[in-house]
Amino acid sequence: MKKFWILLIAASLATAASAAEKKAAKAAEKPTAKPAFATTLNAGLTMTDGNSETLAANASLVTEGEKEGLGSVRAGVEGNYGESTVNDEKETTVENAKVFANVKKTLTPRTFAVLDGSVLYDDVALVDYRVTLGPGLGVYLVKSDKHELSLEIGPSYVWEKVDGVTDDFLALRIAERGSCQITDNTKFVQSVECVPNTEDFNDYLITAEAGVETAMSERWSLRVVLQDKYDSTPAADAEHNDISLIAGVAFTL
């Protein structure tokens, strides 16, 4: 049965690659204008069966775009779930969800004002909620059609309930985000965000992400993303690091 699924997936990828080549050739003959804003649905699923059973699923809906001279928006919602079953004992390994938004207002061709906010829930890390909101200033260190690298810094306020304990504090948000169009069909994107507590810089959160997306057609893409969430002061029964490797497909609506 596993050989059947492997052959089926291989055949599907070969068909998709062939279709992508034909559509890329047509696109080269008649270029189309890039939309100012685009919404993408991403999904990934991994299952194993045998001595142990595992399930890992990821889904996200992201809207992003930019209007020259005005600014840009990147907003969305993401959820991850994972479980494993060994000797009929089921354990939830991942269960989290996040809503986020980042709005930039152009000041000059290279600088911008930014408002960034997010709401996080993570059952395994014992985070009932963590709300972060704050303004800031940013600069594009690199900005072209194929390469982009931006840096943001500003104050941010955090409201959270972790392991049953509520807290709120003023934090400093430092973030960078970059992208590189490797080929006409392949794009690399990475980001790092650090949010230290201004009252105790040993108390901080770091979120990092790196991924590659390859277009199979005008709407379908394959994507592989590595995510790392680090909490310097986690709940008593939680780990500092949460690392996820996500492989799946993306569909542009």
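Shown above is the structure to which this text applies.
The following refers to the structure shown. Sequence order as written defines the numbering, with residues in each chain counted from 1. Reporting of local features is limited, given that this is a predicted model, to residues whose pLDDT is at least 70; pairs of side-chain atoms are given and counted only at 80 or more, and all residues count toward the totals for whole chains, interfaces and linings. Computation of side-chain values covers all heavy atoms of the structure but excludes hydrogens and water.

1. What about the packing of aromatic side chains?
Point 1. Side-chain rings of Phe, Tyr and Trp, where Trp is taken by its six-membered ring, are said to pair if the distance between their centres is within 6.5 Å; with planes under 30 degrees apart they count as stacked, over 60 as edge-to-face, and otherwise as tilted. Scanning all chains against the criterion turns up four aromatic pairs.
Point 2. Between Y157 and W159, the ring centres sit 4.9 Å apart and the planes meet at 55°, which makes this aromatic pair tilted.
Point 3. Between buried and exposed lies partly exposed: a residue is buried under 20% and exposed over 50% of the maximum accessible area for its type, with that area taken using a 1.4 Å probe on protein chains only. A relative accessible area of 37% means that W159 is categorised as partly exposed.

2. Details of the pattern of salt bridges
Point 1. Salt bridges are defined by distance alone: a side-chain nitrogen of Lys or Arg within 4 Å of a carboxyl oxygen of Asp or Glu. The tally for this structure, following the rule as stated, stands at ten salt bridges.
Point 2. With a closest N to O distance of 3.8 Å, K90 and E83 form a salt bridge.
Point 3. When salt bridges with common partners are traced through the structure, they connect K104, D116, E152, R173 and E193 into a single cluster.

3. Observations concerning the pairing of strand β7 (residues 147–162)
Point 1. Here a strand pair is declared whenever DSSP counts at least two bridges between the two strands. Helix and strand definitions follow DSSP, with helices as H or I runs of at least four residues and strands as E runs of at least two, each counted in order from the N terminus. The sheet contact formed by strand β6 (residues 127–143) and β7 spans twelve bridges and is antiparallel. By the bridge assignment for β7, R130 is matched with E160.
Point 2. What sits between β6 and β7 in their antiparallel hairpin is a turn of three residues.
Point 3. Two elements, β7 and strand β8 (residues 165–181), share 16 bridges in a ladder whose sense is antiparallel. Residue pairing across strands places Y157 opposite L170, the latter belonging to β8.
Point 4. The turn linking β7 back onto β8 is made up of two residues, and D163 within it adopts a positive phi angle of 55°.

4. Here's the deal with the pairing of strand β11 (residues 220–231)
Point 1. Two strands pair when backbone bridges link them, and strand β10 (residues 200–215) and β11 are joined in this way by eleven bridges, in the antiparallel orientation. Pairing of L205 across the sheet is with D231, part of β11.
Point 2. Here β10 folds back onto β11 in antiparallel fashion, the turn holding four residues.

5. Concerning the nonpolar core
Point 1. What is meant by a nonpolar core is a set of buried Ala, Val, Leu, Ile, Met, Phe, Trp, Tyr and Cys residues, joined one to another through side-chain atoms within 4.5 Å. In this structure, A125, V127, V162, A235 and A238 together form the largest nonpolar core, which totals five residues.
Point 2. In what follows, residue pairs with any heavy atoms lying within 4.5 Å of each other are defined as contacts. If sequence neighbours within four positions are ignored, V127 has contacts with L120, Y121, D122, K161 and V162.

6. What to know about a negative patch on the surface
Point 1. Two joining distances apply to patches: 9 Å for like charges and 5 Å for nonpolar side chains (Val, Leu, Ile, Met, Phe, Trp, Tyr), and every residue must have over 30% relative accessible area and no salt bridge. Here, Shrake-Rupley sampling with a 1.4 Å probe gives the accessible areas, and only protein chains in the shown set may cover a residue. The charge count treats Lys and Arg as positive and Asp and Glu as negative. His and the chain ends do not count. Charge placement uses NZ in Lys and CZ in Arg. For Asp and Glu, CG and CD serve respectively. Where like charges cluster on the molecular surface, the negative patch consists of D49, E53, D88 and E89.
Point 2. By the secondary structure assignment, E53 is in strand β2 (residues 52–67).

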